[in-house]
Amino acid sequence: SISAKVKLPSTYSFKQIKHIVLVASGKGGVGKSTTAVNLASALEQEGAQVGILDADIYGPSIPLLLGLQGAEPKAADDKNLLPFEAHNLKAQSIGFLVPSDDATVWRGPMASGALNQLMNETAWGELDYLIVDMPPGTGDIQLTMSQKVPASGAVIITTPQDLALADAQKGIAMFNKVNVPVLGLIENMSYFLCGHCGEPNHVFGKDGAVTLAHRHGVPVLANIPLAIEIRESSEQGNLIAKDNAAKISETYKTAARVLA
Ligand code: ADP
């Protein structure tokens, strides 16, 4: 099986990291990466030293989100890679190791080999938090990562849609199985604020995440609206969490304060 090939001994590179937080989602496209990177920035703005590790082998988007596309990995020494630095965050991505077009067609062993390298050979230095942008889903690779990475806990991103919630539930079950505490859910694309009347419009349904969260005794850390600014700033390599003029930035900061 694939999982047998994913060996993550977590020796060198994790030693100086106080907390590793896995950011996961039951399915793709719910805004996991966008939320992970803004949460990382919110923690950094609270005064923490933060790194973000993009382990999303199916669609690494952290380089784009941090404005680092095309950057070349640099060696720290003959064994380790240096993390990149952007927006006061340290960053490493599977996307720096392979062209993004190739990642989606990776076979299990190739993906796990590259994940091993990222996990074990990045010279993070001292960090308060390492935010790990997990591959979406609850397959073998995700399960093995959650088992082998010495995580303090996991945050699950979902949308209010029934399908996404059903998959988020599978995520909770996966983390329970490997004894990684679920620190909370974040409901992304929670509602759309109408530009005309200012009323929140619950495009994808209402109260789904909070119902799921109650059932499992975990908090909802944030309800993030579906907002054009979030998509636009992402595409420009800017972080909305850093934009103090944007009301949404406060939402990420509140979630970060609960986590910290
Ligand atoms: P995932 O990591 O779950 O696959 P992404 O973070 O890559 O999802 O987001 C998918 C797309 O949705 C991106 O184009 C992103 O800019 C957009 N997006 C994510 N969250 C929001 C939001 N709250 N409002 C508007 N667009 C969003």
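Just so it is clear, the model here is predicted, and its values are computed rather than measured.

Let us look at the UniProt feature "binding site: ATP" (unreviewed entry) in the chain. Here, the residues flagged by UniProt with the feature "binding site: ATP" (unreviewed entry) are Gly26, Lys27, Gly28, Gly29, Val30, Gly31, Lys32 and Ser33. Here Lys32 falls in the buried class, since 27 other C-beta atoms lie within 10 Å of it. Beyond its immediate chain neighbours, meaning those up to four positions away, Lys32 contacts Val23, Ser25, Asp133, Pro136 and Ile157.

Let's shift gears to helix H9 (residues 208–216). For H9, the set of buried residues is Gly208, Ala209, Leu212 and Ala213. Seen from one end, H9 has its buried residues packed into an arc of 125 degrees, which puts them on one side. Along H9, the residues that are exposed and aim more than 90 degrees away from the buried face are Thr211, His214 and Arg215. The first or second residue beyond H9 is Gly217, which carries a positive phi of 65 degrees.

Here we take up the nonpolar core. As a rule of thumb, soluble globular proteins bury nonpolar side chains together. Counting 71 residues, the largest nonpolar core has Val21, Leu22, Val23, Ile131, Val132, Ala154 and Leu185 as the members making the most contacts within it. Excluding anything up to four places from it in sequence, Leu185 contacts Ile156, Thr158, Ala168, Ala209, Leu212, Ala213, Val218, Val220 and Leu221.

Two elements in contact, helix H8 (residues 162–177) and H9, have axes whose closest approach is 10 Å; the angle formed by their N-to-C orientations is 25 degrees. Taken together, the axis directions place H8 and H9 in an arrangement best described as roughly parallel. The way H8 lies across H9 gives a crossing that is right-handed. When H8 is examined against H9, the residues Asp162, Leu165, Ala168, Gln169 and Ile172 are found in contact with a partner set consisting of Gly208, Ala209, Leu212 and His216.

For the chain, per-residue confidence averages 89 on the pLDDT scale, and residues scoring 70 or more make up 92% of the total. Looking across the chain, the model is least confident in helix H1 (residues 2–5), with a mean pLDDT of 43, and most confident in helix H2 (residues 32–45), with 98. In this model, residues 1–11 is a region of pLDDT below 50 whose contacts with residues beyond four sequence positions or in other chains number 31 contacts.

With respect to spatial proximity, 19 residues lie near the ligand, and among them Gly31, Lys32, Ser33, Thr34 and Ile230 are the closest. Breaking the shell around the ligand down by element, the ones donating at least two residues are H2, strand S9 (182–193), strand S11 (220–226) and helix H10 (228–235). Its residues placed into classes, the shell around the ligand shows seven nonpolar, 10 polar and two charged.

Turning our eyes to something else, we now look at the pairing of strand S8 (residues 153–158). Within S8, five of the six residues are buried, leaving the element largely enclosed by the surrounding structure. In terms of strand pairing, S8 meets S9 through five bridges, oriented parallel. Note that in S9 the partner of Val155 across the bridge is Gly184.

Criteria and thresholds
Residues numbered from 1 in each chain as written. Predicted model: local features only at pLDDT ≥ 70, side-chain atom pairs only at ≥ 80, totals over all residues. UniProt positions renumbered as here; feature names shortened; annotations may be inferred. Buried ≥ 20, exposed ≤ 12 C-beta atoms within 10 Å, placed from the backbone. Contact = placed C-beta atoms within 7 Å. Helix = DSSP H or I, 4+ residues; strand = E, 2+ residues; numbered from the N terminus. Arc of directions from axis to C-beta. Core = buried A, V, L, I, M, F, W, Y, C linked by C-beta atoms within 7 Å. Axes fitted to C-alpha atoms, helices over the stretch in contact; angles between N-to-C directions. Parallel < 35°, antiparallel > 145°, perpendicular 65-115°, else oblique. Left-handed = near helix turned anticlockwise from the far one by under 90°. pLDDT = per-residue confidence, 0-100. Near = placed C-beta within 6 Å. Nonpolar A, V, L, I, M, F, W, Y, C, P; charged D, E, K, R; others polar. Pairing = 2+ DSSP bridges.

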